[in-house]
Amino acid sequence: MTEIDVKKLSLDVVDLWMKRWLLLTAGTRDDCNMMTVAWGSVGCMWAKPFAQVVVRPQRHTRGYMDKMDSFTLCAFPEAHRKDLQTMGTTSGRDGDKLALTGLTLTESSKVPAPSYKEADLILECRTIYYQDMDPAGFVDASIQKNYPADDYHRIYYGEIVAAFAD
Ligand SMILES: Cc1cc2nc3c(=O)[nH]c(=O)nc-3n(C[C@H](O)[C@H](O)[C@H](O)COP(=O)(O)O)c2cc1C
């Protein structure tokens, strides 16, 4: 993995989120939780490179996002597709889901939230802002169909403080 200057970060973002998916991890190396995410963005806000993720209230990862002020986003080679499916369909609330995968935690370089040895892209983020999604803002009323249980996402912005790619 090579460290990339975050100000020069260039990603195929739509493909990354829609097709490859990312693993969101919050907490520390010794006490963390992770979940697959496919909705989010990478861009510039308040003159900082940032990544934005959305997390529903019932996710176990949500408690770690709210307790700690960092998270990582990791992408993996296609061989780990099944692991991302596992991380996106089982909850850390019910047991050690990491043990169900071939993924190995490793320390990140600048944030407490850990990364993975198998990742081919790592974005280390310092949480700088969050906001609960307000359905009053659904200009396109069809967005509501994503929330039959009214479980609106919490939106988190993380300044990207370090990035590594294969
Ligand atoms: C491809 C994919 C994308 C997902 N994207 C999101 C997302 O952006 N936000 C979210 O809250 N849940 C998302 N999920 C669901 C969580 O990953 C899933 O509920 C997970 O089991 C939560 O784990 P946890 O309870 O251990 O946090 C996604 C699931 C999959 C399979």
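Structure shown above.
Values in this document were obtained by computation on a predicted structure and should not be read as measured data.

About the cut-offs
Residues numbered from 1 in each chain as written. Predicted model: local features only at pLDDT ≥ 70, side-chain atom pairs only at ≥ 80, totals over all residues. Helix = DSSP H or I, 4+ residues; strand = E, 2+ residues; numbered from the N terminus. Rg over C-alpha atoms; globule rule 2.2 N^0.38 Å. Contact = placed C-beta atoms within 7 Å. Buried ≥ 20, exposed ≤ 12 C-beta atoms within 10 Å, placed from the backbone. Pairing = 2+ DSSP bridges. Near = placed C-beta within 6 Å. Nonpolar A, V, L, I, M, F, W, Y, C, P; charged D, E, K, R; others polar. Core = buried A, V, L, I, M, F, W, Y, C linked by C-beta atoms within 7 Å.

Asker: Even after reading the chapter, I still don't get the overall build of the protein chain, so can you show me in this structure?
Answerer: Helices and strands together make up the secondary structure of the protein chain, namely three helices and 10 strands. Relative to the globule expectation of 15 Å for 166 residues, the C-alpha radius of gyration of the protein chain, 15 Å, shows essentially globular dimensions. Over its C-alpha atoms, taken along the principal directions, the protein chain stretches across nearly 45 × 40 × 30 Å. In the protein chain, once contacts between residues fewer than 6 apart in sequence are set aside, the share between residues at least 24 apart is 68%.

Asker: Help me out: how do you make sense of the pairing of strand E6 (residues 70-75) in this one?
Answerer: As a general feature of sheets, a regular strand has side chains that alternate between the two faces. Of all six residues in E6, six are buried; the element is thus mostly enclosed. Side chains of E6 alternate between two faces, with Ser 70, Thr 72 and Cys 74 and Phe 71, Leu 73 and Ala 75 buried alike. When strand E2 (residues 22-27) meets E6, the two strands line up antiparallel, connected through four bridges. The residue bridging Leu 24 from the neighbouring strand is Leu 73, located in E6. Two strands pair when backbone bridges link them, and E6 and strand E9 (residues 121-132) are joined in this way by six bridges, in the antiparallel orientation. Paired with Thr 72 across the bridge in E9 is Glu 124.

Asker: I keep staring at the site of the ligand and nothing clicks. Help me out?
Answerer: For the ligand, the set of nearby residues contains 19 residues, the closest of which are Ala 38, His 60, Thr 61, Gly 88 and Ser 91. Of all the secondary-structure elements, those providing two or more residues to the shell around the ligand are strand E3 (32-37), strand E5 (48-55) and helix H2 (60-67). Among the elements that take part in the shell around the ligand, E3 stands out by supplying four residues, more than any other. A per-class count over the shell around the ligand returns seven nonpolar, nine polar and three charged.

Asker: Please explain the environment of Gly 102 as it appears in this structure.
Answerer: Within the secondary structure layout, Gly 102 lies in the loop between helix H3 (81-87) and strand E7 (105-106). A residue is classified by how many C-beta atoms lie within 10 Å of it, and Gly 102, with 13 of them, is partly exposed. For Gly 102 and Val 14, which are 88 residues apart along the polypeptide, the C-alpha to C-alpha distance reads 26 Å. Once residues within four sequence positions are removed from consideration, Gly 102 is found in contact with His 80, Asp 83 and Glu 118.

Asker: Even after reading the chapter, I still don't get the nonpolar core, so can you show me in this structure?
Answerer: Among soluble globular proteins, nonpolar side chains are generally buried collectively. With 36 residues, the main nonpolar core has Leu 22, Leu 24, Ala 51, Cys 74 and Leu 123 as its most contacted residues. For this core, the secondary-structure elements that each account for two or more residues are E2, E3, E5, H2, E6, H3, E9 and strand E10 (154-165). In this view, Ala 51 contacts Gly 40, Val 42, Leu 73, Leu 123, Cys 125, Gly 158 and Ile 160; residues no more than four positions away in its chain are not counted.

Asker: How should the pairing of strand E4 (residues 40-45) be read in this particular structure?
Answerer: By the bridge criterion, six bridges tie E4 to E5 in an arrangement that is antiparallel. Across the sheet, the residue bridging to Ser 41 is Gln 52, located in E5. Taken together, E4 and the strand that follows it, E5, pair antiparallel across an intervening segment of two residues, in which Trp 46 is found at a positive phi of about 50°.

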